[in-house]
Structure formats: structure tokens, C-alpha cells
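# Residue-level structural notes
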Amino acid sequence: MMQSYWFGDVEGGTCQPFSGGAADIAQRILSRHTSIDHYVPPDWKAALDCGFCRDRADYISKLRAVCVLIAEIKIREKYKSRDTELLQMTRTLDELDTVINLLTERVVEWHQVRQPSFSRKYRRTPTHSLIRMIAQRSGGGLGRVTGDIERLSETRTVLAREVSARADVVMPNCSALIGGLVAARLLLHAGGLEPLARLPGSAIQVLGARIALFSHLRSHTPAPKHGIIFQHRRVHNAPKEIRGKVARVLAAKLAIAARLDFYRGVADLAFIEQAQIRIDAAGEAP
Amino acid sequence: MIWIEGVLVSRGEGGVYGERMLSGARVWDPYRSKLSALYHLGKGIELTNDMRVLYLGAAHGTTVSHVADYTEVVYAVEFAPRPMQDLLEVARRRMNVVPIMADASLPEQYAPLLETVDLLYQDVAQPDQATIALRNCVFLKRGGTLILMLKTRSVDTRREPGLVFSDTVPRLASGGLSVRDNTWLAPYHHDHAAIICVKE
């Protein structure tokens, strides 16, 4: 029986070497399907006998070249999937938020020590104005760190816009329903477009509410009504009594949207319009 | 195996992952590598310079680099793209590492690239580790050794590791392997067992 190996075909002890460079061999391996049922591992000496390689070292070195090429092709393919970079962007965005919040808290406390009369009581100064004020009035390390926070905030704004724009391309249907940013966060929590497309609506509804969900399953606290999708305006603006209902309907439509995004990759305008009507209807007072 | 005052080392080009050097040899840390832990527990088989090894679950290539220091050739199989980038870098510097990007549970993907090996080493975080080992035994020569690092928590996070272990051993035995030795890798690694088998 003929056996097909990377260096050529072997039948009855004689080998027909494959002519062509490492790239051709790599393409051949990628396109071949070997069945494991009748498979017999090759003897490298067959490659030697038919003149494919000079010696053992040559055999291994040729094989390595082919394998490295195959790996590089496969890595490129894996990364090419549309969601890979969006995941990194969203992760960076969320981490920027964490860093900005932490630093802001620290800087305000630092400022408080320098200004005995400072207090935030009875004032509604937005945090960014407070940061600007501290940056202008303080020198040294405090001034520099505060300046850095301002610059980080600018970076964050730019990045958020990029994430949103990219999400519109990668997941057009989901983004149309809940906006690019929230859609990207859903993607992040699911771990990619494919896993998101495989989730049922009920799971999408509580994606990001892990602690509440498990506390519900373990000790029967009330079930979470929403996870990340709470960040969408139609959920958090809804009156409390019907918020759960809106979240449920929205999540069910998102589950369909995610599948459209993954399997089709283009916006389905008819679906989006129908879904919007249905979600809006859920949000109207009974 | 090369020991220097009770420290397991391998001889090869250093600086792969910032490992310590000891009189010119690379220290092989049992807390980082399960195979090193196995040797520190006094088990495992002697690696020799005429050995061909199939390494499933090569990850970033740290343990692979040590195995390659001892053996003739290592076929290193890894599935995930990010660790693969590191593994490729290791393979660029080590002439006897053949990096294979494929799913270890689908040996037909890489069957045309392989040859018969003397040692099958498996360290994969998959639920069905016994099946993966058995499917890959086609590459193992008669009398060759399988070292299976059983990650019990990957099989089932909630089951007792001991139960997972006692389920796996008979499955290997029924697949034409004779189980020679086994050990838990404590205190170096928790909930990990090593099973050493020989192909009949």
C-alpha cells in the first residue's frame, strides 16, 4: 500500500521523492488528508535512498524548514480571524480605565494632604475637572502624575473610538443593537466571536455577572438580571420592574446577531430593524 | 541524566527562558517543569543522545529545550498560536527541535511529518488525555516509553484527582500499554500525576 509522507510517496520499499522547495512541501502537507488507520511511520532511510537528503542531519534540517513554514502559515491564519485584534484593543481599553481610576484616587488623596482645606463635600466637581485643577496647581511629582492621567484619559477616548469603529466592522449586527463598545466587551467576556456565537441568549444576558450568577446557583440569592448588557442605555434606562424583561429580550436578539456576525459577517438590515422594534416594545411600560 | 550536586541540569545553549546556569550547564527547575520534577522524585527514564522524542503539548518550549539538550530529535507538537511563536524561536536556535503546529488529538494532521519515536511525552491540558496518548501510540516503537503527565484538573476540575487517576490507568492498559510506574508530582506540582508506560 502506498504511504504518503512529507518527502514523497513510498510504495513497496521504493520511494518517489517529492520535487520542490520547502514552501511547496508545506502547501502539499496542508492540503493533504492522511488517514491514521493504515498509517505506517516513515523510515528516514527511505528518503536517503531515493536521494531526497544527504544524511540524517540534512533530513532533519529539511524537515524543520518545512515545519517552521507550516507553523508560520497556521499562526498567520489564526491571527487573521477578525476578532483577534479587537480582543486586544478592548482588553487594553478596560485596563486603561482601571489604571486611570486607581491613579486618580491616589492623586486626589495626595492632593488632600497638601491642601488641608480641601474637601469634596458639598461639591459636585466632575473628576476630570478636579484632575485638571490639581495638575495646574501642583508641581513636582504630583503635577507630573496628574498630567499623565490627563494624557491617559485622552488616549482612552481615542482608543474607545477605535474599538467602537472596529466592532462595527467585526460584529456589525451586535454593534447595531447595543453599540460597538458594549458589543466589544461582550466579545471579550465570551473570548471571541465563535464562542460568543455559540452562547445561548440566557448566557449572554448574564455575561459579566459571574459572581452574582454563581452566588445564585450556590446559595440561591436572587438571579442576576443582566451582566455587561446593563451598560446599554435601553437596559439601564428602563424602569427597574421591567429591566429584567428588556435584558432578556435584548440578550435573545443578541444571540441571533452574534451568529449572523460569525457565520455571515455582514449586517442584516431587516433583522436589525425587526430586533430594534421588539426590544423597544419590551421597554415600553406595560 | 546529568546532576551537579543534586541539581538536575542539561548541557546546551543557555538563556532560553532566563534559566540559571551552573558550571556552564542549564539548571532544569523541577518547580517549572513536570519532567524535571519526575526526575527529582527518582523516577523517569534516562534520556540518551540517540533518542527520538515526540513531545505533545510543547507550549513555550521551555521543557522542550531541555529534552532537546539530551536527545537526538524532538518533535514538538503545540496547537495555540501564541506559545507557538516562542516555540519557533526555540526551534530556530536548536537544530534538533522540529516544531509542529497541530492538535495533538488529531495525529493524522501531522502523521506525514513524523517517524517512529523512542519516547512519547505528553503534557496537554485536555479532558481526554488517555485517548490522545493512545491515538499517538502509532508513532511509538515497540518497547518505547510513554510518559503521560496527567493533569487531573483538566480532565474534570470538580472530581477528586485520585479518581481521575484511577480511571485513566486501566484505559491505558487496555490500549496495549503496560503501566510500569506512576507517581504524583507533589510537592513540585499539585494534582498532577506521571504515568510511565511501555508499548508492548
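## Examining the packing of helix 4 (residues 129-136) of chain B against helix 6 (residues 161-174) of chain B
Residues and elements named next belong to chain B.
- At a closest axis distance of 9 Å, the pairing of helix 4 and helix 6 adopts a crossing angle of 20°. As far as their axial angle goes, helix 6 and helix 4 are roughly parallel. The way helix 4 lies across helix 6 gives a crossing that is right-handed. For the pair formed by helix 4 and helix 6, the contact residues are Gln-129, Ala-130 and Ala-133 on the first element and Thr-168, Arg-171 and Leu-172 on the second.
- Class assignment of the residues belonging to the contact of helix 4 with helix 6 gives a composition of 3 nonpolar, 2 polar and 1 charged.

## Some details on the interface of chain B and chain A
- Listed as interface residues are 22 residues of chain B and, on the opposing side, 25 residues of chain A.
- Elements that contribute at least two residues to the side of chain B that touches chain A include exactly helix 3 (81-93) and strand 7 (97-101) of chain B.
- Take the side of chain B that touches chain A: its biggest share by element is 5 residues, from helix 3 of chain B.
- Taken together, the residues of the side of chain B that touches chain A break down into 17 nonpolar, 3 polar and 2 charged.

## Focus: the pairing of strand 3 (residues 14-17) of chain A
All names here are of chain A.
- Relative to strand 3, strand 2 (residues 8-11) is paired through 4 bridges, and the arrangement is antiparallel. Each bridged residue has a counterpart across the sheet, and for Val-10 the counterpart in strand 3 is Cys-15.
- Here strand 2 folds back onto strand 3 in antiparallel fashion, the turn holding 2 residues, of which Gly-12 has a positive phi close to 55°.

## Here we look at the domain arrangement of chain A
- Taken domain by domain, chain A comprises domain 1 (3-80), domain 2 (82-170) and domain 3 (171-286).
- Inter-centroid distance (C-alpha atoms) of domain 1 of chain A to domain 2 of chain A is 54 Å.

## Considerations on the sheet that holds strand 11 (residues 192-199) of chain B
- The sheet built from 7 strands is open, its strands ordered 7-6-5-8-9-11-10 (chain B) with mixed pairing. Every interior strand has two partners, whereas the edge strands, strand 7 and strand 10 (177-184) of chain B, have only one. On average, each strand axis in the sheet is inclined to that of its neighbour by 15°, with strand direction left out of account.
- Contacts from helix 3 (residues 56-80) of chain A reach strand 6 (73-78) and strand 7 of chain B within the one sheet, and its direction differs from that of strand 7 of chain B by about 30°.
- Sheet strands in contact with helix 6 of chain B are strand 9 (140-151), strand 10 and strand 11 of chain B, and its direction is about 160° off that of strand 10 of chain B.

## Comments concerning the packing of helix 3 of chain A against helix 3 of chain B
- Close contact between helix 3 of chain A and helix 3 of chain B brings their axes to 10 Å; oriented N to C, the two are set at 155°. On the basis of their axis angle, the class for helix 3 of chain A and helix 3 of chain B is roughly antiparallel. Once helix 3 of chain A is placed against helix 3 of chain B, the crossing between them reads as left-handed. Only Pro81(B), Met84(B), Gln85(B), Leu88(B) and Ala91(B) of helix 3 of chain B make contact with helix 3 of chain A, whose side of the interface consists of Arg64(A), Val68(A), Ala71(A), Ile75(A), Lys78(A) and Tyr79(A).

## Regarding the pairing of strand 8 (residues 117-122) of chain B
All names here are of chain B.
- Strand 8 sits mainly inside the fold: 5 of its 6 residues count as buried.
- Of the strand pairs in this sheet, strand 5 (residues 52-56) and strand 8 are connected by 4 bridges, and their pairing is parallel. Counted as the bridge partner of Val-53 is Leu-119 from strand 8.
- As judged from the 5 bridges shared by strand 8 and strand 9, these two strands associate in the parallel manner. The partner of Tyr-121 across the bridge, within strand 9, is Ile-147.
- What joins strand 8 to strand 9 is helix 4, and the crossover it makes is right-handed.

## Concerning the nonpolar core
- Counting 74 residues, the largest nonpolar core has Tyr55(B), Val64(B), Val74(B), Tyr75(B), Ala76(B), Val77(B) and Ile100(B) as its most contacted members.
- When residues in this core are grouped by element, the largest group, 6 residues, is from strand 9 of chain B.
- When near neighbours in sequence (up to four residues on either side) are disregarded, Ala76(B) contacts Tyr55(B), Ala58(B), Gly61(B), Val64(B), Leu87(B), Val97(B), Val98(B), Pro99(B) and Ile100(B).
- By size, the runner-up hydrophobic cluster in this structure holds 39 residues, among which are Ala176(A), Leu177(A), Ile178(A) and Ala258(A).

Procedures and definitions
- Residues numbered from 1 in each chain as written.
- Chains lettered and ligands numbered in written order.
- Predicted model: local features only at pLDDT ≥ 70, side-chain atom pairs only at ≥ 80, totals over all residues.
- Axes fitted to C-alpha atoms, helices over the stretch in contact; angles between N-to-C directions.
- Helix = DSSP H or I, 4+ residues; strand = E, 2+ residues; numbered from the N terminus.
- Parallel < 35°, antiparallel > 145°, perpendicular 65-115°, else oblique.
- Left-handed = near helix turned anticlockwise from the far one by under 90°.
- Contact = placed C-beta atoms within 7 Å.
- Nonpolar A, V, L, I, M, F, W, Y, C, P; charged D, E, K, R; others polar.
- Pairing = 2+ DSSP bridges.
- Domains from an automatic or database assignment.
- Buried ≥ 20, exposed ≤ 12 C-beta atoms within 10 Å, placed from the backbone.
- Right-handed = clockwise from strand over helix to strand, strands pointing away.
- Core = buried A, V, L, I, M, F, W, Y, C linked by C-beta atoms within 7 Å.

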